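Here's the letter readout for the chains.
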Amino acid sequence: MISINFEYHRPHSISEALEMFGELHAKGKEPIFYNGGTEIITMMRIHSLYTEARAVIDIKTIPECTYTGFQGDRLVIGSSIPLAQLQEMPEFPLLGKTCSRIADHTSREKITIGGNICGTIKYKEAVLPLLLTDCDLVIAGDNGINEIPIQQVFDKHMLLAPGSFVVQVLVKKQFLDLPYVSKKMTRIDRIGYPLLTVSALKTGEQARFAFSGLCDFPFRSNSVEDALNNQDWSVQERITNAISQLPAPLLGDAEGSAAYREFVLRNVLEESIAELKGG
Amino acid sequence: MKQMVELTVNGEKKRIYVRPAATLLNTLREELGLTGAKPGCENGDCGACTINFDGRPMKSCLTLSIEAVDHQVTTIEGLIDTPIQQAFVKQFAFQCGYCTSGFIMNCHALAELYPNANEYQIKDWLQSNICRCTGYEEIEAAITEVLKNKAIEDTPS
């Protein structure tokens, strides 16, 4: 049971949602935008996060947030699309494969792509394909509705101004059917938080890599990619150099020690490089 | 703080007062007397509270009651003698029974939405529910039987 009381609002347009946020904020209700709501419900229930919120604004009834389809040379994915739906979307197989390993199927019916990338959980695995494809995010806020490259608004976590929310993800067609790998390793069972997740995309002769579960945040790193793509080195040398370029220490936690993560990472990278070479 | 909402549960419209913070699981059990959805972890992990939301399996502990306005909710009480219920009995796919309603709602949605589901998809969906009696083999046999029978029914004679 959630012991906190809050108001629930259901806007039907982006402008209505922004207006609601402003009004509720002015009344001191600390409103938050609500998408799938799984993290908000679970964290509120144990009084861990979002405890100040006295109003939630459910954005799932905003048409732009539930839209998927092509517009020009880009695939548009509404932020309220559940991961289970993305798992079955043939247009972007890398995203589908990555989403298919987040949580369990029934939870994926509720978790949305917007919620996954904006939540506080450190894994945010749905962001990996978005980082690899240099997508743009449509963000609504005080400054209007803007398309912003993901690299400008995602650094370890989403950098959203208060009162703004992700409306859509825009992915260029040219990235959708490139060769890819997506590998999630868990401690024991198939369902669980990642020991590590590696997603990679082959663009010409180069490969892009993004990671979750390795450090305290998901990331894509130019220096790691440079090391992994350096053809002057053997595969083992590339991997060793890439590990030395990680942006933060390897995690050591209940999912596995830092040393074990490094051991598994070496194997997963070796497999990934081999698969992409053949792809 | 309670507000009036109209929910459609098992095809019936119900007007009730709920707190916006109330989960669908709590409302089904405490306001509507539908105790088939079970509280387990209440954290989205065990699947005992699974219901169908517009025909798709959903954990009612991870859903606010108020989110269900304008949607169709089906609980185990709304299923009567369906093929998956018959198959659970035939295959002895339950022991203590606590997880059974959640498993049945999940399996029912799978059979309705994906009658041609393959083994991978069956396992992928079943991993959303936990059976502490470990009756997984029998549960898998039950859903497999339902899908096989559907395939036979759908085959042109």
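Residues numbered from 1 in each chain as written. Chains lettered and ligands numbered in written order. Predicted model: local features only at pLDDT ≥ 70, side-chain atom pairs only at ≥ 80, totals over all residues. Heavy atoms only, no water.

*Asks:* Got a sec to walk through the domain arrangement of chain B? Specific residues and values, please.
*Replies:* Residue and element names in this part refer to chain B. The domain architecture assigned to chain B consists of domain 1 (3-78) and domain 2 (83-154). Taking only C-alpha atoms into account, the centre of domain 1 sits 21 Å from that of domain 2. Counting residues at the interface gives 18 residues for domain 1, matched by 15 residues for domain 2. Linking domain 1 with domain 2 are zero salt bridges. Of all the elements in the fold, those that place two or more residues in the side of domain 1 that touches domain 2 are β3 (50-53) and β4 (56-59). The residue makeup of the side of domain 1 that touches domain 2, split by class, is seven nonpolar, seven polar and four charged. (Domains from an automatic or database assignment. Contact = heavy atoms within 4.5 Å. Salt bridge = Lys/Arg side-chain N within 4 Å of Asp/Glu carboxyl O. Helix = DSSP H or I, 4+ residues; strand = E, 2+ residues; numbered from the N terminus. Nonpolar A, V, L, I, M, F, W, Y, C, P; charged D, E, K, R; others polar.)

*Asks:* Any chance you could break down the pattern of salt bridges for me, citing the residues and the numbers?
*Replies:* Residue and element names in this part refer to chain B. The full count for this structure, using the stated rule, is 26 salt bridges over all chains. The salt bridge involving Glu12 is made with Lys14; its shortest N-O contact spans 2.9 Å. For Lys14, a relative accessible area of 29% puts it in the partly exposed group. Residue Lys123 is joined to Glu140 by a salt bridge in which the shortest nitrogen-to-oxygen separation is 3.2 Å. One end of the pair, Lys123, is in helix α4 (residues 119-126); the other, Glu140, is in helix α5 (residues 136-154), with 17 residues separating them in the sequence. (Buried < 20%, exposed > 50% of the residue type's maximum accessible area, 1.4 Å probe, protein only.)

*Asks:* With reference to specific residues and values, describe the domain arrangement of chain A.
*Replies:* All names here are of chain A. When the domains of chain A are assigned, the result is domain 1 (7-58), domain 2 (63-175) and domain 3 (180-277). Once you take the C-alpha centre of each, domain 2 and domain 3 turn out to be 22 Å apart. Taken together, the contacts link 24 residues of domain 2 with 29 residues of domain 3. Summed over both sides, the interface of domain 2 with domain 3 buries roughly 2200 Å², with 61% coming from carbon and sulfur. Where domain 2 meets domain 3, there are four salt bridges. (Buried area = accessible area lost by both parts, 1.4 Å probe.)

*Asks:* Now, about the sheet that holds strand β13 (residues 206-212) of chain A: what can you tell me, with residues and values included?
*Replies:* Residues and elements named next belong to chain A. On the basis of which strands lie adjacent, the open sheet formed by four strands has the order β11-β12-β13-β14 and antiparallel pairing. Single-partner strands in this sheet number two, and they are β11 (180-186) and β14 (219-220). Where β13 meets β14, two bridges bridge the pair, whose relative direction is antiparallel. Note that in β14 the partner of Phe211 across the bridge is Phe219. (Pairing = 2+ DSSP bridges.)

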